[in-house]
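In case you want the letters, here they are:
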Amino acid sequence: MKLEILELKDRKAKFVLSEVTPAFANSLRRAMISDVPKMAIDYVDIYDNTSVLFDEMLSLRLGLIPLKTNADMYRFPAECECKGAGCALCQVSLTLSAEGPCVVHSRDLKSSDPETVPVDQNIPIVELKTGQKVVLTAVARLGNGKEHAKFQPVCASGYKNVPVISIGEKCDMCKMCIDACPRGVFKADKGKLVVTDLYKCSLCKHCIEACDTGAITLDTDNEAFIFTVETDGSYTAHDIIDSAMKSLKGRADQLSEIMSAF
Amino acid sequence: MIPVRCFTCGKVISEVWEEYRSRVEERKKNLQKGEVLKVGDILDDLGVERYCCRRMLLSHVELVDVLAPYQ
C-alpha cells in the first residue's frame, strides 16, 4: 500500500492511495461517511418561539450546525452508564435566547461544554423582527452517519480511479488534443506530446475524439485511487481518515475474536 | 432563511451567506447601465467551489421580510 498526499488542510484532504483493491478503497470511504461518530443537536426544548420559522424547521436548522467534536470525551447514549437517560458523559446542552430585532447566529448558542461549540460562527439560524422571541435548550449527542446525515463528519468524500493515459507512436503532433482537453492535461514539450498532470484528467475522452490518428488510449488503474475528503469542521480531515481506519480495524478485530471461540 | 447546508453535498454554505449578500449588494450599487451582474468571482473567493453549493447561494430568495407581517 502506498500513500501520496496531494493536499492536506484542516478541512480538506486529497491523496492518492495505491496498491489496494477497490473494495478496500470503498470501505474507507464508507467508514468515513458512516462510522466516524460526531456530535450534533438531536433534541430541542422550545420554551418560546414567535419567529417566522416553525419549531420543526428551527430544530432542523440547529441539528445541521456542525459542532466541534471530541469523541474520546463522550459515549453513545445507548452505551452510556445512564442507559440513555442523558448525563454529562453522553450529552451536551446548548442554550439560545434572543429577542428581536436581530439575526440569531450559531455563535449565539451557549454550550455547557466549552469544547463542544459550533465550528462556524456566522451561520444564520433565524431572523427576528421587533417583538419576536426565541428561547430554547438544545441537547447534542454522539451519533453516526448511518442514523442521520447531520452526524456525518464529511461532506464531499469520494474517490476516482487514477487514469492511465498512453500516447502511441501514431501521434503526429497535430496538437488537437491539447485544445480539446478541458482540464489542460496535455502539453507539447520538445516536439513530443506529454501528460502534465495525470490526476487532473476526468476521463472525459475528448482527447480521443479529437485525435485523428487514434494515438491516445485511456484506461483506469484499478489499484490506485484519488481520494477527496472534505470535512464540515467537526474534526480535521486527518482525524477523520484516522478514525475511519480505526473503526474498520476494530470491526476486523471483533470478527477474529468471535471466530476464535469456534 | 438560507439553508444551513448544501442540499446535494452537505457543505455548510450558510456560513458565507451574509458576506456574499453584502458583496453582491455592493456590486449591484456600482453597476453601470446595461452591464450584467456577475458574481462568480465572489463565490470563488468565498470558497464555494462546486456547482451544487453555488446554486444554493445564487438561487436563494430571502422570504422572512415577506412573511413577517402575517405572524
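None of these values were measured; they are calculated from a predicted model.

All names here are of chain A. Reading across from one edge, β1-β2-β12-β9 is the order of the 4 strands in this open sheet, with antiparallel pairing throughout. Edge positions in the sheet fall to β1 (2-8) and β9 (158-167), since each of these pairs with one other strand and no more. Between one strand axis and the next, the sheet turns by 30° as a mean value, whatever way the strands run. Here β1 runs beside strand β2 (residues 12-18); their pairing, made up of 6 bridges, is antiparallel. Paired with lysine 2 across the strands is serine 18, a residue of β2.

A separate point is the pattern of salt bridges. For the coordinates displayed, the defined rule picks out 24 salt bridges over all chains. Glu230(A) is the partner of Lys11(B) in a salt bridge, and the nearest nitrogen-oxygen pair spans 3.9 Å. Here Glu230(A) lies in strand β12 (residues 216-230) and Lys11(B) lies in the segment before α1 (17-29), a pairing that spans two chains. Residues joined by salt bridges that share partners form a network here, namely Asp42(A), Arg141(A), Glu147(A) and Lys150(A).

Take the environment of Ile42(B) next. Residues and elements named next belong to chain B. Examined against the element boundaries, isoleucine 42 turns out to sit in helix α2 (residues 40-45). Taking relative accessible area as the criterion, isoleucine 42 reaches 1% and is therefore assigned buried. Isoleucine 42 sits 23 residues away from aspartate 65 along the chain, and the two C-alpha atoms are 25 Å apart.

Per-residue pLDDT for chain B averages 91, and the proportion of residues at 70 or more is 99%. The complex prediction reports pTM at 0.86, with the ipTM value standing at 0.88.

With that settled, the discussion passes to the packing of aromatic side chains. Counted according to the given criterion, the structure contains 4 aromatic pairs over all chains. Between Tyr159(A) and Phe227(A) the ring centres are 5.2 Å apart and the planes differ by 40°, which places this aromatic pair in the tilted class. Taken together, the residues span a long stretch of sequence, with Tyr159(A) in strand β9 and Phe227(A) in strand β12 at a distance of 68 residues. Overall, Phe227(A) belongs to the buried group, its relative accessible area being 0%. Centroid distance Trp17(B) to Tyr20(B): 6.0 Å. Interplanar angle 35°. Geometry classified as tilted. Highlighted residues: Trp17(B) and Tyr20(B), both in helix α1, separated by 3 residues, approximately one helical turn. Considered together, Trp17(B) and Tyr20(B) belong to a single accessibility category, that of buried residues. An aromatic cluster is built from Phe15(A), Tyr159(A), Phe225(A) and Phe227(A), whose rings are joined through pairwise contacts.

Procedures and definitions
- Residues numbered from 1 in each chain as written.
- Chains lettered and ligands numbered in written order.
- Predicted model: local features only at pLDDT ≥ 70, side-chain atom pairs only at ≥ 80, totals over all residues.
- Heavy atoms only, no water.
- Pairing = 2+ DSSP bridges.
- Helix = DSSP H or I, 4+ residues; strand = E, 2+ residues; numbered from the N terminus.
- Axes fitted to C-alpha atoms, helices over the stretch in contact; angles between N-to-C directions.
- Salt bridge = Lys/Arg side-chain N within 4 Å of Asp/Glu carboxyl O.
- Buried < 20%, exposed > 50% of the residue type's maximum accessible area, 1.4 Å probe, protein only.
- pLDDT = per-residue confidence, 0-100.
- Phe/Tyr/Trp six-rings, centres within 6.5 Å; stacked < 30°, edge-to-face > 60°.

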